[in-house]
Every structure is written in C-alpha cells, then in structure tokens.
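Residue strings, one per chain:
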Amino acid sequence: MFLRSLTLENLRCYERAEFDFAPGLNVVLGPNASGKTTVVEAIYLLATTTSPRAGHARSMVRHGEAWARVAGVFDAGGREFTMAISLGDPSSARSGSKTIEVDGRQVASVREALGRVQAVLFWVGELEVVKGPPSARRRFMNTAIGQTSLRYLDDLARYRRALRQRNELLKRMSRGGEDGRMLAPWTTALVEAAVPITLDRDQFVRALAVEAAVLHRRLGAGSEELRVCYDPSVALCGDETAVEAALYERLEQTHAREMERGSTQVGPHRDDVSLEVDGVDVRRFGSQGQQRTAALALTLAQARVARGRTDTEPILLLDDCLSELDASRAGAMLDLSADGQQMVVTSACCPEQLAQRLDDAHVICTGEDDGARDD
Ligand SMILES: Nc1ncnc2c1ncn2[C@@H]1O[C@H](COP(=O)(O)OP(=O)(O)OP(=O)(O)O)[C@@H](O)[C@H]1O
Ligand SMILES: [Mg+2]
C-alpha cells in the first residue's frame, strides 16, 4: 500500500497544500518550521486518527481557523481509495469533533477506519522508547499491537477498567474502610484481561526482536548486537493456563505490599522491554547515536512485523531521523528504501548521504510559495 497524494487544509502552518508522493523514497526538504513534520503528522493522522505530538488532534487546526482537513489518496495493490479526516466541522464551525471519510462516505466509528492505512512513524519522541521510562515502551507495544489487533485494544480497555476499580478498592481497604470480599471479582477481571495482553506482548516482542536484530546490523552498527526482550512482571512459562496461574500467584505474594501502597503491584501495567547492545543496557548507558540507532531499528522492525501480520506494507514515516547518525548509519538507513517500501523522510539540512540519493527519490520542498515541488 502506498500514498499517492495528500491534501492539507488549515493544518498548522498550511492554509491549503497538495503533495504528490511516489512509491519508493520520498524526501521532504525544507528549512526549520516550514511544515515538514506536519506532513508526516498528517499521514500518521490518516493511519491512526491521532497525532503523535498533540494530545488532541484538534490542536493541529491552524490558529484562527475553526476546522482542518487532511485527505489522502492511497493505492492498495492497484485499487485506489481515499481517506479523509476533518477536525472541527467545516459546516457548523463546531470545534472538537472529528469526522472520518473513506471513499467519500463518513464512517460511524474510529474502529471502522483503523487498519485501512498502515503507517509506522519515527520522530523525535520515538527516542523515548529507548531512553524513557518503562511506560514509553508499554505505549510502543500498545500502539504497535493495537494497529493490527482491535481485540488487543479491547483487552487493554478491560484491563485498565479492572485495574482502576481494584486500586480504588485497595485504597479503601488500606484505610480500613472496606473488607476484602469485593477484591476477588476484580482480581479475576484483572487476570482475565492480563493473560491475553501478556501473551500478545510476548509474541509481538519475540517477532520484533528477530527483525530488530537484523535491521540493527544492517543500519551499519557492524559488530554491535541489539537484544530485545519482553520483561513481564510474571515469569512467562507456557500457555494461557500457566500465565494465569503465575499471575494469581504473584498477586497473592504481593498482597501485603499492595495493601500497604493501595495499588496493584504486578500485571501488564508494570511490564517493560529490555534493550541491550552488546550486553549493555542501551536504555541507561547508550550513547545518543546508539540510542537513536536502536530506536530506528525498533521502528523499522515494527513495520516488518506489521507487514507479516496484515500482508500490507506500512508506509514508513521517518521524521528527522538522520541527524545524530554517522555517515555509514545514515547511508544504510536510506538504502532500506531499496526494499521497495514507501518511505517519507524529512530533513532540514540534506546531509551528503541524502543528497546522493535525491536523483532516485521523489523530492518535496516545504517552505516554498507554491507548497510543493515535484521532481
Ligand atoms: N495550530 C497551528 N497553527 C498555525 N501554525 C502552527 C500550528 N501549529 C504549529 N504551527 C507552526 O507550523 C510551522 C511548521 O511546523 P513543523 O513542525 O511542521 O515544521 P518543521 O519543518 O518540521 O520544522 P523543524 O525543521 O524545526 O522540525 C511552525 O512554524 C509552527 O510554529
Ligand atoms: Mg520537524
């Protein structure tokens, strides 16, 4: 699947702009603050209905305007389809609403739209996956697995509900305001949702680890070996029943502590993913370049895992991914586009490795009066 063209209206710095894209490498070039990130953000919005950098997609609306619209024309194996998202309502100027159209027809829910456009994004916030707290790596797993499994998103919602209720009860119990009889049903609900989440994450990280190790080597890190490992709060041994038993056992073992703290101490909300480069924890001790290389390998690996699961090639959105990479890593990164996947790479300064490849790439320039230039 690839993006053919993108139309932006009232989106951040854009009043109206149209960009064409090619199937292989697309390079978005322009000075700082010219709207490069906004272009990849708009594509990501079509894939996920959310913005990576704005809590509310509504904040993408151009200042002083009531609505914004992003529309993309995609090619899925020769079949063309369009997807459009309006933020705010152009007819009523009602703010806050989000409408999604597929082939000009409004869809009833976000669920109906999800999965049609597959995209994987690397942007500056992605470094958090490597150097941020465990919650950043849980978010990464949730986004990646959720993009190909609505069932996972449902399990996650059930888990969060059970966790909230159970924690509220534990708080009341720790203050002596409630006896423990009501805890058992919430423990059951918690474990029932936790088991499929744990197994899904385990399966996902195993697949991710294989791809990430290969890509990390390809990214020119040479002899450096990236090891990615799921680090759940229960020991993973065997099937559903074994995980369920392990969760109950760990909950029992930590009951005194959870009463003391008024919160559940084990479960998927405490999971992490360990990342080692040559046996060293890159989360804590990696150099900036090593952390960036690991983050890039994880993003690219995520795209490969998604391709294996959905049979569609996700669009790779790489925002400002070349800075901090040395020449060989940057070159190797760009050579990945030779795999045929559609890539949208943004850059403010066009390093030599990028300049060398511009002849074969589709170039889009931001910050010019006519919005886009086709090569
Ligand atoms: N809601 C908004 N309304 C109007 N302008 C906005 C809005 N949000 C952001 N902008 C502006 O849009 C411009 C483009 O931002 P963007 O992040 O896309 O630039 P960029 O080319 O990626 O820059 P850099 O090279 O620094 O990463 C900036 O000048 C920013 O201030
Ligand atoms: Mg930017």
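Residues numbered from 1 in each chain as written. Chains lettered and ligands numbered in written order. Predicted model: local features only at pLDDT ≥ 70, side-chain atom pairs only at ≥ 80, totals over all residues. Heavy atoms only, no water.

Draft legend 1. Geometry of helix α5 (residues 150–174). If you check α5, its first and last C-alpha atoms are 36 Å apart, about what 25 residues at 1.5 Å a residue would give, namely 36 Å. For α5, every residue scored as buried is listed here: Tyr 152, Asp 155, Leu 156, Tyr 159, Ala 162, Leu 163, Arg 166, Asn 167, Leu 169, Leu 170 and Met 173. Just downstream of α5 lies Gly 176, where phi reads positive at about 80 degrees. (Helix = DSSP H or I, 4+ residues; strand = E, 2+ residues; numbered from the N terminus. Expected span 1.5 Å × (residues − 1). Buried < 20%, exposed > 50% of the residue type's maximum accessible area, 1.4 Å probe, protein only.)

Draft legend 2. Main features of helix α1 (residues 36–48). Its 13 residues give α1 an end-to-end C-alpha distance of 19 Å, which sits within 8% of 18 Å, the value for a rise of 1.5 Å per residue. Across the 13 residues of α1, 12 count as buried, placing the element largely inside the fold. Residues Lys 36, Thr 38, Val 39, Val 40, Glu 41, Ala 42, Ile 43, Tyr 44, Leu 45, Leu 46, Ala 47 and Thr 48 constitute the buried set of α1.

Draft legend 3. Representation of the site of ligand 1 in the model. Near ligand 1 lie 15 residues; those nearest to it are Asn 32, Ala 33, Lys 36, Thr 37 and Thr 38. In the model, an oxygen atom of ligand 1 is placed 3.1 Å from a nitrogen or oxygen of the Ser 34 main chain. For ligand 1, whose accessible area on its own is 660 Å², the fraction buried by protein is 71%. Partitioning the shell around ligand 1 into residue classes produces four nonpolar, seven polar and four charged. (Near = heavy atom within 4 Å. Polar contact = N/O pair within 3.5 Å; in protein donor to acceptor, adjacent residues only side chain to side chain. Areas by Shrake-Rupley, 256 points an atom, 1.4 Å probe, with all protein chains shown as cover. Nonpolar A, V, L, I, M, F, W, Y, C, P; charged D, E, K, R; others polar.)

Draft legend 4. Seen up close, the layout of surface pockets. Reported here for the largest pocket is a volume of approximately 880 Å³. Broken down by secondary-structure element, the contributors of at least two residues to the lining of the largest pocket are α1, β8 (119–122), α3 (128–131), α4 (134–146) and α5. Sort the elements by how many residues they give to the lining of the largest pocket and α4 lands first, with six residues. Its residues assigned to classes, the lining of the largest pocket shows 16 nonpolar, 14 polar and five charged. Approximately 190 Å³ is the volume found for the second largest pocket. Contributing to the lining of the second largest pocket are 14 residues, with Ala 33, Ser 34, Gly 35, Lys 36 and Thr 37 lying nearest its centre. When residues of the lining of the second largest pocket are traced back to their parent elements, those giving at least two are α1 and β13 (343–347). Ranked by residue count, the leading element in the lining of the second largest pocket is α1, at three residues. For the lining of the second largest pocket, the class distribution of residues is three nonpolar, seven polar and four charged. (1 Å grid on protein atoms, 1.4 Å probe; cavity = no way out; pocket = protein on both sides within 12 Å on 5 of 7 lines; lining within 4 Å. Points joined across faces, edges and corners; volume = space filled by probe spheres on them.)

Draft legend 5. Quick look at the sheet that holds strand β10 (residues 272–277). Strand order in the open sheet made by the three strands is β9-β10-β11, with antiparallel pairing throughout. Of all strands in the sheet, those with a lone pairing partner are β9 (226–231) and β11 (280–281), marking the two edges. In terms of strand pairing, β9 meets β10 through six bridges, oriented antiparallel. Each bridged residue has a counterpart across the sheet, and for Arg 227 the counterpart in β10 is Glu 276. (Pairing = 2+ DSSP bridges.)

Draft legend 6. Geometry of empty space enclosed by the protein. Per the counting criterion, the structure on display carries four cavities of 30 Å³ or more. Looking at the largest cavity, the residues that line it are Leu 215, Leu 300, Ala 303, Arg 304, Leu 316, Leu 336, Asp 339 and Gln 341. The dominant element in the lining of the largest cavity, judged by the number of residues it contributes, is helix α10 (residues 288–310), at three residues. When its residues are assigned to classes, the lining of the largest cavity shows five nonpolar, one polar and two charged. Viewed by domain, the lining of the largest cavity spans two of them, domain 1 (1–118 + 312–375) and domain 2 (128–311), each represented by three or more residues. (Domains from an automatic or database assignment.)

Draft legend 7. Summary view of the sheet that holds β8. Strand order in the open sheet formed by five strands is β8-β12-β13-β3-β14, and the pairing between neighbours is parallel. On the outer flanks of this sheet lie β8 and β14 (362–365), each paired with one strand and no other. Looking at each pair of strands side by side, their axes are set apart by 15 degrees on average, direction ignored. As paired elements, strand β3 (residues 25–29) and β14 share four bridges and run parallel to each other. The partner of Leu 29 across the bridge, within β14, is Cys 365. Strands in contact with α1 are β3, β8, β12 (315–319) and β13; relative to β12, the strand with the most contacts, it is inclined by about 145 degrees. Sitting on the sheet, α10 is in contact with β8 and β12, with an inclination near 175 degrees to β8. (Axes fitted to C-alpha atoms, helices over the stretch in contact; angles between N-to-C directions. Contact = heavy atoms within 4.5 Å.)

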